[in-house]
Amino acid sequence: MLNAKKIRADFPFFKQKLKGKPLAYLDNAATTQKPRQVLDAMQEAYVARNANPYRGAYALAVEATEAYERAREKVADFIGAEPEEVIFTRNATDSLNIAANLVCASRKRGSTILLTEMEHHSNLVSWQLAAKRWGHRISYVKVKSDGHLCREDLEKKAGMSPLVFSFVHVSNVLGTVNNAKQLSQLAHENGSLACIDAAQSVPHMSVDVQKLNCDFLAFSGHKMLGPAGIGVLYMKKELQEEFEPLFGGGEMIKKVSLGGASWNDPPHKFEPGTPNLQGAVGLAAAIDYLMGIGMENVERHCQGLAAYCRKELEGIGAQLYGPVKGAGIVSFNVGNIHPHDVAHFADKEAVAIRSGHHCAQPLMNALGIAASCRASFYVYNDKEEVDRLASAVSRAAKALG
Amino acid sequence: MAAEDIYRENILDHYKHPRNKGKIAQADAEAQDSNPLCGDEISIGIRVENKKIVDLKFDGSACAICIAAASMLTEEVKGKGLEEAKGFSKERLLSLLGIDPGPVRLKCALLPLKVLKLAIYRHLGKNPEKEDGLV
Ligand SMILES: Cc1ncc(COP(=O)(O)O)c(C=O)c1O
């Protein structure tokens, strides 16, 4: 286990108390808190380095450009990509929408898009809209009640050579870790592109796009100690030439005339408009912070807390969903008590957990539940916070059961 | 926080022993709605005679606040005229509940009222979209 107390000291957020109690923040799959190092880096980028990257010849603009490109290199290193393959976006949702539209627009009507029932709405509605716009259809790999993809269904549907297979790496509801390498390979064997929603995996484990050999990979800065408003779309180099940009504007062009334009080199081709310099710098600082801890340690710590949490909740009779061996996410229900009521009792103890459908309604349908409670962990959480959650859950069960 | 203790005695009582819960035989109108945020789902069936709600029942899966609100609301409007029930204000329901549920849970508390009004409009053959302010 990491020394969570020591880590917490880096987070100004945890200086505050809620109802006189220290806040046990267990909703990290939704968003994470930010360490001082990230806030300072962003502040510094505003105070000392604020100019429009790429657009000026003066020293400050050059510095801004360099800071932005250094952040890109940092991200690229972190996921095993080339800097040119890292496209900065607003968040994972933005990244997935871009991927969906690029892919769907690149083929004639009538292709199939393969998704899974496990997807977050980000990797679902994005493709539904793009497929409708460009005249493609969607099919979905079934999820079994144990929270894993159904192997036969997967092989059958992947075998029908869809245009693309886009899937979640780590489920935000169940913590299921899909074998992304195998799934990418399966896609490629069938002549499909592979797109990975890595919003819950990049923050929690070492992810290497070379090893996964995917074509696209999407994640958000705010779920990994970085700021909101910055996300990443990794896009394999070979594809970057093939795709036409979706959006036009400044910096994505080489030459513009009234008759048309030619495109700047990737990744700039896919980054129209003034970039989010401070967001990129903040994300780079978050990566530094995580690398300082070590991604293996982050993963082990969160998995350890999830395992402990499952054990404690099981001990008080909670119903748990998803695989026992998953990422740092625990979904549960207590008797027939509505998750909102459970979350409310937890809130009274200054324990923040999520309740509801977690933006994955088809998955909830597949599991046969309307909603669940979810505790999700990160580097600053510890067992004592899990104990507080368990005691709040018991109290809810006693009052409402 | 407003929601410091919304699980009052009377709310727990209605939650654990909901009045008018179940399915009504031969309903004159039924309606159903859900709260997209949390998945609360409530359906209400009403029986009407001489422009009065002579009987009604609610059903669904929802949080304690929503169940308690449905229980209290159905108890309150049973035997009342359609017009009065149609004009039932959210303030009146909140004062029945006796709590301020706070901005997030307010939707849970008001869902049963919305569903009741949908059922009434359906019975009257009116399009609820065209009526102002369901709740
Ligand atoms: C698996 C998964 N995909 C995508 C997203 C979307 O992330 P964002 O809202 O930052 O775009 C989330 C966030 O909840 C997620 O958990």
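Residues numbered from 1 in each chain as written. Chains lettered and ligands numbered in written order. Predicted model: local features only at pLDDT ≥ 70, side-chain atom pairs only at ≥ 80, totals over all residues. Heavy atoms only, no water.

Participant: Residue-level account of the overall build of chain B, with values.
Facilitator: Each helix and strand counted, chain B has five helices and three strands in total. By the compact-globule yardstick of 14 Å for 135 residues, chain B fits well, its C-alpha radius of gyration being 14 Å. Based on the C-alpha atoms only, the size of chain B along its principal axes is roughly 45 × 30 × 25 Å. Within chain B, the proportion of its 135 residues that are buried is 47%. Of the accessible surface of chain B, which amounts to about 6,500 Å², a share of 47% is contributed by carbon and sulfur atoms. Charge centroids of chain B, computed over 21 positive and 21 negative side chains, lie 3 Å from each other. (Helix = DSSP H or I, 4+ residues; strand = E, 2+ residues; numbered from the N terminus. Rg over C-alpha atoms; globule rule 2.2 N^0.38 Å. Buried < 20%, exposed > 50% of the residue type's maximum accessible area, 1.4 Å probe, protein only. Areas by Shrake-Rupley, 256 points an atom, 1.4 Å probe, with all protein chains shown as cover. Lys, Arg positive; Asp, Glu negative; His and termini not counted. Charge placed at Lys NZ, Arg CZ, Asp CG, Glu CD.)

Participant: Break down the interface of chain B and chain A for me, citing the residues and quoting the values.
Facilitator: Every contact between the two is made by 20 residues of chain B and, on the other side, 19 residues of chain A. Here chain B and chain A share an interface that buries about 1,400 Å² over both sides, 52% of which is from carbon and sulfur atoms. Between the two partners, chain B and chain A, sit one salt bridge. Residue Asp341 of chain A pairs with Arg105 of chain B through a salt bridge whose shortest N-O separation is 2.9 Å. Across the contact surface, chain B and chain A share six residue pairs in polar contact (both at pLDDT 80 or more). Those elements giving two or more residues to the side of chain B that touches chain A turn out to be helix H1 (9-16), helix H2 (64-77) and helix H5 (102-124) of chain B. At three residues, the largest contribution of residues to the side of chain B that touches chain A is made by H1 of chain B. For the side of chain B that touches chain A, the residue count by class is 14 nonpolar, one polar and five charged. (Contact = heavy atoms within 4.5 Å. Buried area = accessible area lost by both parts, 1.4 Å probe. Salt bridge = Lys/Arg side-chain N within 4 Å of Asp/Glu carboxyl O. Polar contact = N/O pair within 3.5 Å; in protein donor to acceptor, adjacent residues only side chain to side chain. Nonpolar A, V, L, I, M, F, W, Y, C, P; charged D, E, K, R; others polar.)

Participant: Describe the pairing of strand E11 (residues 253-257) of chain A, and please don't skip the residues or the numbers.
Facilitator: Residues and elements named next belong to chain A. Summarising burial for E11: zero of the five residues are buried, a small minority. As paired strands, E11 and strand E12 (residues 260-263) are joined by four bridges and run antiparallel to one another. Looking at the pairing, Ser257 lines up with Gly260 of E12. (Pairing = 2+ DSSP bridges.)

Participant: For the site of the ligand, give the residues involved together with the corresponding values.
Facilitator: Residues and elements named next belong to chain A. Close contacts around the ligand come from 14 residues, with Thr93, Asp197, Ser220, His222 and Lys223 the closest. In the environment of the ligand, an oxygen atom lies 3.1 Å from a nitrogen or oxygen atom belonging to the side chain of His120. Burial of the ligand by the surrounding chains reaches 88%, relative to a free accessible area of 390 Å². Residues of the shell around the ligand, tallied by class, amount to four nonpolar, eight polar and two charged. (Near = heavy atom within 4 Å.)

Participant: Explain the sheet that holds strand E3 (residues 52-61) of chain B to me, using residue names and the numbers behind them.
Facilitator: Pairing between the strands of a sheet is mediated by backbone hydrogen bonds and can be parallel or antiparallel. All names here are of chain B. The strand order across the open sheet formed by three strands is E1-E2-E3, and the pairing between neighbours is antiparallel. Strand pairing shows two members of the sheet lacking a second neighbour, strand E1 (29-34) and E3, which therefore form its edges. When the angles between neighbouring strand axes are averaged without regard to direction, this sheet yields 15 degrees. The pairing of strand E2 (residues 41-49) with E3 spans nine bridges and is antiparallel. For Ser43, the partnering residue across the bridge sits in E3 and is Asp59. Contacts from H2 reach E2 and E3, with the element oriented near 170 degrees to E3. The strands touched by H5 are E1, E2 and E3; relative to E1, the strand with the most contacts, the crossing angle is about 145 degrees. (Axes fitted to C-alpha atoms, helices over the stretch in contact; angles between N-to-C directions.)

Participant: I'd like to hear about the side chain of Asn123 of chain A, residue by residue, with values.
Facilitator: Residue and element names in this part refer to chain A. Within the element layout of this structure, Asn123 appears in the loop between strand E5 (112-116) and helix H5 (125-134). Since its relative accessible area comes to 0%, Asn123 is described here as buried. Sequence-distant contacts of Asn123, defined by excluding residues within four places in its chain, comprise Leu96, Leu115, Ser166, Phe167, Val168 and Asp197.

Participant: Requested: an account of the domain arrangement of chain A, with residues and values cited.
Facilitator: Residues and elements named next belong to chain A. Split by domain assignment, chain A resolves into domain 1 (4-30 + 295-400) and domain 2 (39-291). Spacing between the C-alpha centres of domain 1 and domain 2 amounts to 28 Å. For the pair domain 1 and domain 2, the summed buried surface comes to about 2,600 Å²; carbon and sulfur atoms form 63% of the total. Taken together, domain 1 and domain 2 are joined by zero salt bridges. Secondary-structure elements contributing two or more residues to the side of domain 1 that touches domain 2 are helix H11 (295-315), strand E14 (329-333) and helix H13 (361-367). No other element matches H13, which puts six residues into the side of domain 1 that touches domain 2. For the side of domain 1 that touches domain 2, the class distribution of residues is 22 nonpolar, six polar and four charged. (Domains from an automatic or database assignment.)

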